[in-house]
Amino acid sequence: MLDVTAANEIAADARVRANVVRLAAAQALTGANSAVIFATGAIVGATLAPDMSFATVPISMYVVGLAAGTLPTGAISRRFGRRAAFITGTGLGTLTGLLGSFAILRGSFALFCLATFLGGLYGAVAQSYRFAAADGASAAYRPKAVSWVMAGGVFAGVLGPQLVQWTMDVWQPYLFAFSFLVQAAVALVAMGIVAGVDMPRPAPADLHGGRPLLTIVSQPRFIAAALCGVIAYPMMNLVMTSAPLAMKMCGLSLSDSNFGIQWHIVAMYGPSFFTGALIARFGAPKIVAAGLLLEAAAATIGLSGVTAMHFWATLIVLGVGWNFSFIGASALVLETHRPQERNKVQAFNDFLVFGMMAIGSFSSGQLLANYGWSAVNMVVFPPVVLGLAVLSLVSWAKRRKARLEAAMGEFPDAV
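Cut-offs and rules
- Residues numbered from 1 in each chain as written.
- Predicted model: local features only at pLDDT ≥ 70, side-chain atom pairs only at ≥ 80, totals over all residues.
- Heavy atoms only, no water.
- Patch = residues over 30% accessible without salt bridge, like charges linked within 9 Å, V, L, I, M, F, W, Y side chains within 5 Å.
- Areas by Shrake-Rupley, 256 points an atom, 1.4 Å probe, with all protein chains shown as cover.
- Salt bridge = Lys/Arg side-chain N within 4 Å of Asp/Glu carboxyl O.
- Buried < 20%, exposed > 50% of the residue type's maximum accessible area, 1.4 Å probe, protein only.
- Core = buried A, V, L, I, M, F, W, Y, C linked by side-chain atoms within 4.5 Å.
- Helix = DSSP H or I, 4+ residues; strand = E, 2+ residues; numbered from the N terminus.
- Domains from an automatic or database assignment.
- Contact = heavy atoms within 4.5 Å.
- 1 Å grid on protein atoms, 1.4 Å probe; cavity = no way out; pocket = protein on both sides within 12 Å on 5 of 7 lines; lining within 4 Å.
- Points joined across faces, edges and corners; volume = space filled by probe spheres on them.
- Nonpolar A, V, L, I, M, F, W, Y, C, P; charged D, E, K, R; others polar.

Teacher, can you tell me more about a nonpolar patch on the surface here?
On the surface, Leu95, Leu98, Leu105, Val170, Trp171, Tyr174 and Leu181 cluster together into a nonpolar patch covering about 570 Å² of accessible area. Taking relative accessible area as the criterion, valine 170 reaches 43% and is therefore assigned partly exposed.

Help me out: how do you make sense of the nonpolar core in this one?
Looking at soluble globular proteins, one finds that nonpolar side chains tend to be buried together. Core analysis: the largest hydrophobic core is formed by 125 residues, its most contacted members being Leu23, Phe86, Tyr129, Tyr233, Leu292, Trp322 and Trp373. The leading source of residues in this core is helix α11 (residues 220-249), at 17 residues. Counting the residues that make up this core, at least three belong to each of domain 1 (1-204) and domain 2 (208-414). Discounting chain neighbours no more than four positions away, the residues touching leucine 292 are Cys228, Ile231, Ala232, Ser325, Val384, Gly387 and Leu388.

Before we go on, may I ask you to explain empty space enclosed by the protein in this structure?
Empty space among the atoms becomes apparent when a probe as large as a water molecule is rolled across them. For the structure on display, the rule yields four cavities of 30 Å³ or more. What the largest cavity holds in volume is close to 200 Å³. Taken together, 20 residues form the lining of the largest cavity, with Ser34, Phe38, Tyr62, Tyr233 and Tyr269 sitting closest to its centre. At the level of elements, α1 (2-48), α2 (57-80), α4 (109-127), α11 and α12 (254-269) are the ones that each hand at least two residues to the lining of the largest cavity. Looking at the lining of the largest cavity, the element that brings in the most residues is α1, giving seven residues. Along the lines of polarity and charge, the residues of the lining of the largest cavity split into 13 nonpolar, seven polar and no charged. Lining the lining of the largest cavity are residues from two domains, each supplying at least three of them: domain 1 (1-204) and domain 2 (208-414). In this structure, the second largest cavity occupies an estimated 90 Å³ of space.

Even after reading the chapter, I still don't get the layout of surface pockets, so can you show me in this structure?
Taken as a whole, the second largest pocket holds about 270 Å³ of empty space. Lining the second largest pocket are 13 residues, with Arg221, Pro285, Lys286, Ser395 and Arg399 sitting closest to its centre. Of all the elements in the fold, those that place two or more residues in the lining of the second largest pocket are α14 (284-303) and α18 (381-407). In terms of residue count, α18 provides more of the lining of the second largest pocket than any other element does, five residues in total.

Explain the pattern of salt bridges here, please?
Where side chains of opposite charge bring their charged atoms close, a pairing between them can arise. On inspection of all chains with the given rule, the structure shows three salt bridges. Residue aspartate 350 is joined to arginine 130 by a salt bridge in which the shortest nitrogen-to-oxygen separation is 2.8 Å. Of this pair, aspartate 350 sits in helix α16 (residues 342-371) while arginine 130 sits in helix α5 (residues 129-132); the two residues are 220 residues apart in sequence, bridging distant segments of the chain. Across the pair, arginine 130 and aspartate 350 agree in class, each one buried. The partner of arginine 221 in a salt bridge is glutamate 335, with the nearest N and O atoms 3.2 Å apart. Of this pair, arginine 221 sits in helix α11 while glutamate 335 sits in the loop between α15 (308-334) and α16, placing them 114 residues apart in sequence. Residue classification places arginine 221 among the buried positions, given a relative accessible area of 16%.

Keep in mind that these numbers describe shape and distance, not what the molecule does.
Structure (structure tokens):
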């Protein structure tokens, strides 16, 4: 029986590895979508918006799309399978590029915001790639599967900003119009890749199986994981989306801004090549804590100066911190649910993360315009302290419970 189980796990991991390759490639191409929006959104917004304080609204609409798309992505995945959700997402990505280019050519702020909203829906689907990679994998391979798919974002860090750099002036005087057209073509390529992912439709028993969602999300482990994700991603997003416009306000060039965003994205995803191994060795809570501390360190660098080097260092350290904290939090979420519960739990977790991002992102433009770059960085510290405190408390409670049960000669129940 043990030999059969081991053989099944090996076969499952082989299928998962094949999916990981495709999902990592899709992550790279999908990341170009967000890279184009983050590198250009505030600048195009400042050009098209009726007031400078609305400059970051297009990026906020992208984040609203992220939040709005998480629950429908989970519903489509439960009903029709992951692959159907992936193809739907890449279709939305193609519309994003086409509509974004048209909006710039027409000078329409409202249409450009709609385009970035559609880009957020595409991004919401792409966020499920990391969880999809772990479907059917052995417990030992899950963190590595998540990490390797996220590593595909390294290529997005190169592709997206370079795509902007090469194409931003093609249709003068319509800055970035051709960039969005090329992004639409990239989304079509991603559609072809995700169409080959080997993920069968869910069994009928899985559509309504498992515990109630409230029971699952009430676990202290889930609360800590979701809270850390809610802190790690929105804080990174706040600083990242403000940085290009802040650099422009400080007299730095578009090339400086593109360079900073490029290396920020590389820093976000580059550590993924070994983050899974670090989680396996030290445990997810320690990696999450390290990531939150790095985000605080990035804010400290941002407060220390406004030269190009200061902005670049802030964005790079911020990216590494996000990688550790977000992948670690995702690994914690995987420990809180059963296989048949995965779609609804993962979708709910992402809804919390991106819902909070949506709320916070609308204030980023006002915060930067009214209080400056320093205020943006100062906001990072209180949530980081809260996240570290909750994570420490939950980890301590789990260790204490394990010691008490060991002392009584009992084994801890599996979650």
